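If you want the building blocks of each chain, they are given just below.
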Amino acid sequence: MSSTGESTIIVFVVESKRGRSVTLSWLVREYGEVSSTQEVAEKLASGGAKEGTVVLAERQNSGRGRMERRWISPKGGLYLSIVLRPGRVEGVHLLTLVGALAAAEGTRKAAGVSPKIRWPNDLVVGGRKLGGVIATASTRGESLEFVVVGIGVNGNFRTDELGDLSSASATLMELAQAPVDLPSLRSRILEEFEVRYEGWGRGEELKLIRLARSLLSTSGKKVEFALRGTVTRGIAEKLEDDGSLVVKVRGKRLRLRAEEVEWLREL
Ligand code: BTN
């Protein structure tokens, strides 16, 4: 694990109770600087870390975005990755959406800023990217070993720390004109994640999709997207029940799957 902050690991357990039953235990491991919380969580999961293990870091020097992109991660942001052992493969692709909904709702509750979801996995405010979600899965033979959901939110730093990405990005500190309380943000996001993940576990995918439809920034908008190296424009129409996005391109309807689309932006 290429981490310079390993010595600052703090482990604590949060027992989450709703009604009478304990539903999920979070085991949060806090680091100073790591390569990527996603990488650390995957290693822990490969070594047997249990569901609910959360890797949290102050900063990342090789933060990972979707499609092999980098996630610039200065101090002041929220960087966490959650180990899951879902026990079923069907609908696993929706766990990215579970993460995006949790990040959007948690941010609203903790910081009073209400991001939209730019399909498939961006948190945006006024068209600028505030955060992102990534999910990686590990399989053994036919069975799913674990999934790691990573969430990054631009928190207490200025967008100019993001270099070339600064004009397309937003941070909570700039939006709220005050620093956000990162521990509260983390807790709210984990609480929201737990609720949505349990819903997913009970087969309530449609409820997730309905909520996502209400938060989608892209509905009815002109969009541009890259698919297998080709950039295309169209009108984003509908989020389907399976999480794919229907885009009308030159009179024809294309059904985009999240795992195939390199990027998508509103025009
Ligand atoms: C994207 O928008 O492309 C997804 C970005 C996901 C970033 C988070 S930050 C915490 C976790 N660790 C990583 O290396 N990436 C994810």
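Peer 1: How should I be thinking about the overall build of the protein in this particular structure?
Peer 2: Helices and strands together make up the secondary structure of the protein, namely five helices and 13 strands. For 267 residues, the compact-globule estimate of 2.2 N^0.38 gives 18 Å, and the C-alpha radius of gyration of the protein, at 18 Å, lies within 12% of that figure. With the C-alpha coordinates aligned to their principal axes, the bounding extent of the protein is approximately 55 × 45 × 35 Å. Put simply, the protein has 267 residues, and 51% of those count as buried. Looking at the protein as shown, the accessible area adds up to about 12600 Å², and 49% of this sits on carbon and sulfur atoms. Between the averaged position of the 41 positive side-chain charges in the protein and that of its 34 negative side-chain charges there is a distance of 5 Å.

Peer 1: How do you make sense of the pairing of strand S3 (residues 53-60) when you look at a structure like this?
Peer 2: Most of S3 is tucked away, with six of its eight residues classed as buried. In this sheet, strand S4 (residues 78-84) lies alongside S3 in antiparallel orientation, the contact comprising four bridges. Within the sheet, the bridge partner assigned to Ala57 lies in S4 and is Tyr79.

Peer 1: How should the packing of aromatic side chains be read in this particular structure?
Peer 2: What describes a pair of aromatic rings is the distance from one ring centre to the other and the angle between the planes of the rings. On inspection of all chains with the given rule, the structure shows three aromatic pairs. Residues Trp26 and Phe193 carry aromatic rings whose centres are separated by 6.4 Å and whose planes lie at 65° to one another, so their mutual orientation is edge-to-face. Of this pair, Trp26 sits in strand S2 (residues 21-34) while Phe193 sits in helix H4 (residues 182-201), placing them 167 residues apart in sequence. For Trp26, a relative accessible area of 4% gives the class buried. Given the relative accessible area of 0%, Phe193 is considered buried. Members of the aromatic cluster, each reached through a chain of ring pairs, are Trp26, Phe193, Tyr197 and Trp200. For Arg88, the ring lying beneath its charged end belongs to Trp200, and the centroid distance is 3.9 Å.

Definitions and limits used
Residues numbered from 1 in each chain as written. Predicted model: local features only at pLDDT ≥ 70, side-chain atom pairs only at ≥ 80, totals over all residues. Heavy atoms only, no water. Helix = DSSP H or I, 4+ residues; strand = E, 2+ residues; numbered from the N terminus. Rg over C-alpha atoms; globule rule 2.2 N^0.38 Å. Buried < 20%, exposed > 50% of the residue type's maximum accessible area, 1.4 Å probe, protein only. Areas by Shrake-Rupley, 256 points an atom, 1.4 Å probe, with all protein chains shown as cover. Lys, Arg positive; Asp, Glu negative; His and termini not counted. Charge placed at Lys NZ, Arg CZ, Asp CG, Glu CD. Pairing = 2+ DSSP bridges. Phe/Tyr/Trp six-rings, centres within 6.5 Å; stacked < 30°, edge-to-face > 60°. Lys NZ or Arg CZ within 6 Å of the ring centre and 35° of its normal.

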